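# Structure assessment
Okay, here's what each chain looks like letter by letter:
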Amino acid sequence: MRDAARISELIESKRDMLLAISDEIWGNAELKFEEYRSAELLCSTLEKEGFSVERKMDGMETAFLGSCGTGRPVIAILAEYDALDGLSQVSGVARQEPVTQGGAGHGCGHHLLGTGSLAAAIALKQYILENGLSGTIRLYGCPGEEGGFSKTYLVRDGYFSDVDCALTWHPSPANLVVHGSSLANINAYFRFKGKSSHAAFSPELGRSALDALELMNVGVNFLREHVPQEVRMHYAIVNAGGRSPNVVPAESLEYFCMRSPKSEHMRAIYERVCDIAKGAALMTGTTVEYEMDSAVSEAVPNLTLNKLIYDNFARLGTPVYDENDIRIAESFRSIQSQEARKAVPAPFTNRPVLDALLPFDENEITHMGSTDVADVSWVVPTAQCWVTCAANATQLHSWEMVAQGKTAIAHKGMLHAGKILAITAADILHDPAIAEKAKRELQERLGEQRYICPIPADGKPSITGRSGDRTGDMR
Ligand SMILES: [Zn+2]
């Protein structure tokens, strides 16, 4: 860990600006692929800080690439800035109170994620200059992490082909580095078309798209017995065919999310779900169209980089909290269920803020979520740390997480994450052999396996932020 003090100083010197940016993105709360103001704020800041900026990277309106430095190693720092639907929430209060009824909120803390990554990139630019180092820092502005998965498109389209290492972080109720994989994930729409008719006078003339949808769900629920334990299948009925029971529904639309520890099994499960949909259409005399909306692979862990980022985190220590932080954390703790609290292992169960760094576990485990960081990890050695930004046991994707997004705990975690990423990148800039070692590890681990992009070669991101609102024609 080189010059941690100098890197910390560089980030602290931009503290006011960084906090203002994070708070503004929190207020924007823009949904996947609609992060226009948030992306522009990050781009204009990068330009003011002397970065060259490519907007609309890979044809995505809210993707961007900020670059500084020259030559190798090329280090990617990943940023996200999309919010979640239905989580609008007033800041700082431990009771549910939307700013806008039904509006969006930063329930996954991506306003902090994007700004913390920006902090690292800005500090590294100055650090490279001061130390006369060779190396390129790229801040990847990756929109639509919440189900849109822009990084999968960027990997497919070669935007990481010359990158040596990728680093990122995520806001969390705990400090940790997960050395393990994540679930591959395919999201797809299924649209049934039937024929409307009077449900009492002439039911024999109707063909119910709702029947088809229900039979599809029955079929998928039977499928659960015949898939590996870790497979997850969830669905949302987007269009149930209307509100009138006396009309045979002519249309229905369902959104399926399917997950598995391995991409190859994921593809096979998706095909079986498609077959079930076809069977449901056949049974009901309806037709079905289906379309993959987005997909990610499982993550490939990299011990070289995960150990490096963990060791830097351990040496830097964890953020320090004052009485005010503890008081705010306690207010959010007071509304948590016992079940949520007890899910935090001893000896950390009862701490208001989880201020320790959890031990590094070299035994790889698969965590039950999915992320598009995983696709990057197939082509570039990638490390990610999780940094405390909320009261202990706060759940991601909750209004409680939104409410804590502008607290001092969140701000401290964000700046801290920026320091960890920048210090880790500085280590690689000083000693590019680390990147080479990490790349060798990735190659050895993959062996004969090649990255197969889980989305079609001509697939385009779905621009509809509210996936539940999607009622237009299938692309
Ligand atoms: Zn997230």
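What comes next concerns the included structure. (Residues numbered from 1 in each chain as written. Predicted model: local features only at pLDDT ≥ 70, side-chain atom pairs only at ≥ 80, totals over all residues.)

### Some remarks on the packing of helix α1 (residues 4–12) against helix α4 (residues 110–131)
Two elements in contact, α1 and α4, have axes whose closest approach is 9 Å; the angle formed by their N-to-C orientations is 120°. As far as their axial angle goes, α4 and α1 are oblique. Crossing geometry of α1 relative to α4 is assigned as right-handed. Residues Arg6, Ile7, Leu10 and Ile11 of α1 pack against Ala119, Ala123, Gln126 and Tyr127 of α4. Here the residues of the contact of α1 with α4 sort into 6 nonpolar, 1 polar and 1 charged. (Axes fitted to C-alpha atoms, helices over the stretch in contact; angles between N-to-C directions. Helix = DSSP H or I, 4+ residues; strand = E, 2+ residues; numbered from the N terminus. Parallel < 35°, antiparallel > 145°, perpendicular 65-115°, else oblique. Left-handed = near helix turned anticlockwise from the far one by under 90°. Contact = placed C-beta atoms within 7 Å. Nonpolar A, V, L, I, M, F, W, Y, C, P; charged D, E, K, R; others polar.)

### Things to note about the sheet that holds strand β8 (residues 232–239)
The strands that make up a sheet pair up through hydrogen bonds in the backbone, lying either parallel or antiparallel. With respect to topology, 4 strands assemble into an open sheet ordered β8-β9-β7-β10, the strand pairing being antiparallel. Taken across any chain shown, the strands that pair with only one partner, and hence form the sheet edges, are β8 and β10 (287–296). Mean inter-strand twist for the sheet, computed between neighbouring axes without regard to direction, equals 20°. Alignment of strand β7 (residues 184–193) against β10, held across 9 bridges, turns out to be antiparallel. (Pairing = 2+ DSSP bridges.)

### A look at unusual backbone geometry
Residues apart from glycine generally show negative phi values, whereas peptide bonds are mostly found in trans. At the junction of Arg72 and Pro73, the peptide bond is cis and its omega measures out at -5° in the coordinates. Inspection of the secondary structure assignment puts Pro73 in the loop between β2 (64–70) and β3 (74–79). A positive phi angle is found at Asp58, which is not glycine, with a value near 55°. Its location among the elements puts Asp58 in the loop between β1 (52–55) and β2. Judged by the 16 C-beta atoms lying within 10 Å of it, Asp58 is partly exposed. For His397, which is not glycine, the phi dihedral falls at a positive 60°. You can see His397 is positioned in the loop between β12 (382–388) and α12 (399–403). (Buried ≥ 20, exposed ≤ 12 C-beta atoms within 10 Å, placed from the backbone.)

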